[in-house]
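# Coordinate inspection notes
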Amino acid sequence: MTYSGAVKVGGPADVHELADLIISKVAVGPMDNNAYLLRCRATGEQLLIDAAADPGTLLQLIGDDGIASVVTTHRHGDHWGALREVVDATGALTYAGRYDAEGIPVPTGVPVEDGDTITVGRVALTVRHLVGHTPGSIVLVYDDPHGHPHLFTGDCLFPGGVGNTWGDTEAFRSLIDGVQAKLFDRLPDETWVYPGHGADTTLGAERPHLEEWRTRGW
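Note that the structure is predicted; figures quoted are calculated from it, not measured.

Further remarks concern the overall build of the chain. Of the regular secondary structure elements, the chain holds five helices and 15 strands. A compact globule built from 218 residues would reach a C-alpha radius of gyration of about 17 Å, and the chain, at 16 Å, matches this within 12%. Overall, the C-alpha framework of the chain stretches about 50 × 35 × 30 Å when taken along its three principal axes. Of all 218 residues assigned to the chain, the portion counted as buried reaches 52%. Once local pairs closer than 6 in sequence are excluded, the contacts in the chain between residues at least 24 apart make up 51%. Of the accessible surface of the chain, which amounts to about 9300 Å², a share of 50% is contributed by carbon and sulfur atoms.

Below, the structure written as structure tokens:
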């Protein structure tokens, strides 16, 4: 079946099958968060992005093979609501941005910064640090050697705009400058975007609207 990224709370996961990586997307919780399970085809090792809510749903998705690690994209509670239960059940190593780790009640095993690498089996994910939605938000870039890049953006980039900065002009400027410099300026239009809530998009679909976003201020 063709991957669409359209999921709903209580519904099945949608699975994006790549040459070296299998990405399963599921929606959880009262705030309709997305969680992503990444599985390395070569080794079977798994990594979860955002143990947001509904630990039973996430543990069912993870299955008997368990996970080696969990990455939390930022400190907001709707992105780590099930983290304690998932870590307790799996023994997974925890990653988060260095400048958000103090705001996540489950201890961060490996605080990461811009340019760091997180691996799942033989697959490497590059960390990009973006300031604005929170001080330590991170996004993950998988540069697929067999195709286009894949980008897990947490709450920093969505279809139609960057993440919420609650009317803070400096925070908005920081976030949109970072998104442009570290994502749009470095990655091609074909880059697939997996956000923390809602539907997927591509950088190409969003690129024409960057100046519009700057003008409106959110």
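This paragraph deals with the confidence of the model for the chain. Here the chain averages 98 in pLDDT, and 100% of its residues register 70 or above. Per-residue pLDDT, averaged within each element of the chain, yields its smallest value for helix α5 (residues 210-216) (97) and its largest for strand β4 (residues 46-49) (99).

In terms of nonpolar packing, the biggest core is built from 22 residues, with Leu21, Ile23, Leu38, Leu47, Ile118, Leu140 and Phe152 touching the most fellow members. Contributions of two or more residues to this core are made by β2 (21-28), β3 (33-40), β4, β8 (117-120), β9 (123-130) and β10 (137-143). Ignoring sequence-local partners within four residues, the contact set of Phe152 consists of Ile23, Tyr36, Leu38, Ile49, Val139, Leu140 and Tyr194.

Counting buried residues in β3 gives seven out of eight residues, a clear majority hidden from the surface. Direction of pairing for β2 relative to β3: antiparallel, over a ladder of eight bridges. By the bridge assignment for β3, Ala27 is matched with Asn34. Hairpin connection, β2 to β3: the antiparallel pair is bridged by four residues, and Gly29 has positive phi, about 80 degrees. In terms of strand pairing, β3 meets β4 through four bridges, oriented antiparallel. Across the sheet, residue Leu38 finds its bridge partner in β4, namely Leu47. The turn joining β3 and β4, which pair antiparallel and follow one another in sequence, is formed by five residues; a positive phi near 80 degrees is taken by Gly44.

Reading the values: rules and limits
- Residues numbered from 1 in each chain as written.
- Predicted model: local features only at pLDDT ≥ 70, side-chain atom pairs only at ≥ 80, totals over all residues.
- Heavy atoms only, no water.
- Helix = DSSP H or I, 4+ residues; strand = E, 2+ residues; numbered from the N terminus.
- Rg over C-alpha atoms; globule rule 2.2 N^0.38 Å.
- Buried < 20%, exposed > 50% of the residue type's maximum accessible area, 1.4 Å probe, protein only.
- Contact = heavy atoms within 4.5 Å.
- Areas by Shrake-Rupley, 256 points an atom, 1.4 Å probe, with all protein chains shown as cover.
- pLDDT = per-residue confidence, 0-100.
- Core = buried A, V, L, I, M, F, W, Y, C linked by side-chain atoms within 4.5 Å.
- Pairing = 2+ DSSP bridges.

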